[in-house]
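Residues per chain are reported as follows:
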Amino acid sequence: MTDRREPASPDGSEPSRSDDLAVDFLECDKEPIHIPGCIQPHGYVFVFVERDLQIVSVSGNIEDLVGAQPDAVLGTSLASHLTDGSLERLTAALGRDDLAAANPIRIDLLTPAGKRPFNGLLHRHDSLTFLELEPRDDAYSSHDFFRSVRAAIHRLQTASDLLAACDIAAREIHRITGFDRVKVYRFSSDWSGQVIAEHRVDSIPSLLDFHFPSSDIPAQSRALYTLNTVRIIPDIGYRPSPLVPDRNPITGGPIDLSYCTLRSVSPTHVEYMVNMAVYGAMSISIVRDNRLWGMISCHNTLPRFVPFETRQACELIAQVLTWQISVLEEAEIVRHSVRVRALQNRLLHELNDEKGLHAGLSRVGEELLSLMNASGFALCGFDGVASFGRTPSQGQILALAKWLARKEPHGVFETDRLALHHEDAARYAEIASGVLAVPLGRASTTLMLWFRPEVAQTVTWGGDPHKPVRIGPRGKRLQTRASFDAWREEVRGRSLPWRHHEVAAAVEIRDLVVDVILGRAEQLESANRELSRINDELESFAYVAAHDLKEPLRHIEAFAGLLSDLLQPAVDDRLSTMVDGIEASSRRLRALINDLAEYSRVGRQGRPMQPVDMNEVLSEVLTDLKPMLQDTRAVVSSDDLPTLRCDSSQIRQLLQNLISNALKYRDISRIPELRINCAIEDSKPPDSGAIERRARISVSDNGIGFDEQHCEQVFEPFQRLHGPDQYEGTGIGLAICRKIVNRHGGEITATSQAGIGSVFAFSLPLRGIEGAGEES
């Protein structure tokens, strides 16, 4: 844990503490906030059995709406309280698997004073269906909403770093909702948090850069924020409306309100907000990989209700922020991965000479430290310690290695607070508060160690994080701290934390060093060249996934959802064009995803090589392409093809890609003619003095052809010689062909003349085929 040094009270005395009254914050974790038995009274709840719409529970304030006691409403059909149009809309929504996609539903409720309009929010949970009713504003403009959200998303996509993205999100939600203060709050690994972005009016104090302890948002609250990502409390001073009855007739227990927007909040949380002088609040969760990354918290000094449509806009902005965070972090990881590969190449070269492991590591010392953002490195083994940079003494390193051998005998160990685990490390905390230790093998005393120095800092907390929580005057209920004034402490004995991709890079470097030690340098050099090539493809893929894929995906999911949920049935031509564009983007994205999946599977999911009759493979391909061949009236002729030792599934895909490519790029002024030729020839592979027999199979066409200078470019991923509107395709098909041929130890080439046609040829070795050495 952090070494926290608490300052004295203003009068110089120690803060008063009472062990009798102090209550551990862990008590908060036991509060059953998902089953409070009541709701916030700005709305109404009907809980019913979906089969016959029979009402099994209602909120107590329903009497104010329908003029009847809750008991009189129980057991009746929900249909009897709705207009015919509302019942139709409700029934249609209940027919969908995803109820959330139907929200909000216009519900007109029958009351003694006539029908009253509401926004209806539906969800299913614990074998029951919930209909929540909130005030509805029919003057709300979906067109204005669409333009506002589109502008916010565009600004978010321009963010160059994490803090900029969070700042834009806070500013846009502040603009859309009108809350006095909107802050982005990020959780640390210990669930404490920090405000990293904020937009506010001058009348409310700033919380920017303030830290808050993990106890401010207990575990069960974080679990609910992960499940139900939007939380609204229009008026902190509300009087809860009870559920009548608070009993689930299916389970026999209390009714679980985890997914209810109107769910009443904990009295502890109410008191917490009042102590902050906040009387209206909303929060939107930032969830990454099913884990709560942070929150966007909105505060108002007066009660403030935010309608569902505006909350939905804020939720969409939070989702785009989540995607942008992922894109930025993935880009950083890709850049780090490129540096790791470069260091591996150099390290491999340095370790292959006769000067030994210590000397080789020392020659790349600066790169080793820079890559890991470390200040010192040590290799601790049977022959002593070799170190460079700022490190503890050799004796201290050896003592640390022995301690690690007892604590982590086989695995990687990393910490940013070494003295917390290893008391002796307190003596050199200034040099090595953080350590990353990677064993070279089963003998865990042979270690690679990276060190990080202490980063002394002053942390500003929103109130005293150590002040005990006491039992309040209203009985055994937790009472929160009353002050959120800035409270500062000095943090010592802690370094910058180690990031996941840095630990992964250290393990990769360890693996390379072990390979060199085991005498596999020659094989590793070949593998590393392949890794460098693959890394280029992976880098390209990562950026395509971050931009070319995620960009249309954001628009498709965001805009299609908004259009289907919010727009009126009658749309103008401009919006129809927009919908057509979304559908076209969807088709292109689906094709691109499919081709990327195929590209990534080559080599990872390949079948064992075995003898395959290529004539049978060609026959299957032509059968599959028969509709396309008939539509184009193509004429196909073929030589007799040999039997090859190969992966039949991948070779079939290779032929299918080449033939379908020839048909796609046909010259519409003439009937397509395709010729599949085969020749057996001698070849001398690179890095080998032996001559081997190969089968060269070519696919010739009389299509549109292309300029000869692009013969290599066409095999690169995402390379297109024509615009996407001229010819369908993703630019990956020929890259898949080359990857398949390379996996089989062959080569693929292309020759072409614009307006004349093209020839794509691949050659595969005849190794393992009986009679391969005979003349043909």
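To be clear, the structure that these remarks concern was listed above.
No experiment lies behind these values; they were computed from the predicted model shown.

1. Observations regarding the sheet that holds strand 31 (residues 757–765)
Phase 1 of the analysis: Within the open sheet, the five strands sit side by side as 26-28-29-31-30. Their pairing is mixed. Because the sheet does not close on itself, it has two edges, and the strands there are strand 26 (635–638) and strand 30 (747–753). The average undirected angle you get between the axes of adjacent strands in this sheet is 20 degrees.

2. Some remarks on the environment of N661
Phase 1 of the analysis: Its location among the elements puts N661 in helix 19 (residues 648–664).
Phase 2 of the analysis: For N661, a relative accessible area of 18% translates into the label buried.
Phase 3 of the analysis: C-alpha separation for the pair N661 and G703, spaced 42 residues apart in sequence, amounts to 9.8 Å.

3. Some words on the pairing of strand 14 (residues 280–288)
Phase 1 of the analysis: A large share of strand 14 lies buried, amounting to eight of its nine residues.
Phase 2 of the analysis: As paired elements, strand 12 (residues 230–233) and strand 14 share four bridges and run antiparallel to each other. By the bridge assignment, I233 is partnered in strand 14 with A281.
Phase 3 of the analysis: Here strand 14 hands over to strand 15 (residues 291–300) after two residues, with D289 in that stretch at a positive phi of 55 degrees.

4. Considering unusual backbone geometry
Phase 1 of the analysis: Backbone torsion omega between N103 and P104 reads -5 degrees, so that peptide bond is classified as cis.
Phase 2 of the analysis: Following the sequence through the fold, P104 ends up in the loop between helix 3 (84–94) and strand 6 (105–111).
Phase 3 of the analysis: That bond from V244 to P245 is cis: its omega, -10 degrees, falls within 30 degrees of zero.
Phase 4 of the analysis: When you line up the elements, P245 lands in the loop between strand 13 (241–244) and helix 7 (267–275).
Phase 5 of the analysis: Positive phi, normally seen in glycine, also occurs at S127, with a value near 70 degrees.

5. Let's talk about the packing of helix 19 against helix 20 (residues 733–743)
A pair of packed helices is captured by two measures, namely the crossing angle of their axes and the spacing between those axes.
Phase 1 of the analysis: Packing of helix 19 against helix 20 brings their axes to within 9 Å, and their N-to-C directions diverge by 145 degrees. As for how helix 19 packs across helix 20, the hand of that crossing is left-handed. On helix 20, the residues that touch Q650, I651, Q653, L654, N657, L658 and N661 of helix 19 are G733, L734, I736, C737, I740, V741 and R743.
Phase 2 of the analysis: Considered class by class, the residues forming the contact of helix 19 with helix 20 number eight nonpolar, five polar and one charged.

6. Quick notes on the pattern of salt bridges
Phase 1 of the analysis: Taken as a whole and assessed by the stated rule, the structure comprises 18 salt bridges.
Phase 2 of the analysis: As a salt-bridge pair, R417 and D416 come within 3.3 Å of each other at their nearest N and O atoms.
Phase 3 of the analysis: Across the pair D416 and R494 runs a salt bridge, and its minimum N-O distance is 3.2 Å. Here D416 is found in the loop between strand 18 (413–415) and helix 12 (418–421), whereas its partner R494 is found in the loop between strand 24 (486–492) and helix 14 (500–517), with 78 residues between them in sequence.
Phase 4 of the analysis: Here D416 falls in the buried class, since its relative accessible area comes to 10%.
Phase 5 of the analysis: Through salt bridges with shared partners, one network takes in R89, R106 and D108.

7. As for the environment of R693
Phase 1 of the analysis: Counting through the fold element by element, R693 comes out in strand 29 (residues 692–701).
Phase 2 of the analysis: Judged by relative accessible area, which is 17%, R693 ranks as buried.
Phase 3 of the analysis: Sequence separation between R693 and E681 is twelve residues; the distance between their C-alpha atoms is 5.9 Å.
Phase 4 of the analysis: Engagement of the side chain of R693 in a polar contact is seen with the side chain of D682, the distance being 2.8 Å.

8. Examining the sheet that holds strand 20 (residues 447–452)
Phase 1 of the analysis: A sheet is described by the order of its strands in space; here five strands give the open sequence 17-16-20-19-18, paired in antiparallel fashion. Edge positions in the open sheet fall to strand 17 (384–389) and strand 18, since each of these has one partner strand only. Between one strand axis and the next, the sheet turns by 15 degrees as a mean value, whatever way the strands run.
Phase 2 of the analysis: By the bridge criterion, three bridges tie strand 18 to strand 19 (residues 434–439) in an arrangement that is antiparallel. Bridging from a neighbouring strand, E414 pairs with L436 of strand 19.
Phase 3 of the analysis: Along the sheet, helix 11 (residues 394–407) makes contact with strand 16 (376–381), strand 17, strand 18, strand 19 and strand 20, crossing strand 20 at roughly 115 degrees.

Calculation criteria
- Residues numbered from 1 in each chain as written.
- Predicted model: local features only at pLDDT ≥ 70, side-chain atom pairs only at ≥ 80, totals over all residues.
- Heavy atoms only, no water.
- Pairing = 2+ DSSP bridges.
- Helix = DSSP H or I, 4+ residues; strand = E, 2+ residues; numbered from the N terminus.
- Axes fitted to C-alpha atoms, helices over the stretch in contact; angles between N-to-C directions.
- Buried < 20%, exposed > 50% of the residue type's maximum accessible area, 1.4 Å probe, protein only.
- Left-handed = near helix turned anticlockwise from the far one by under 90°.
- Contact = heavy atoms within 4.5 Å.
- Nonpolar A, V, L, I, M, F, W, Y, C, P; charged D, E, K, R; others polar.
- Salt bridge = Lys/Arg side-chain N within 4 Å of Asp/Glu carboxyl O.
- Polar contact = N/O pair within 3.5 Å; in protein donor to acceptor, adjacent residues only side chain to side chain.

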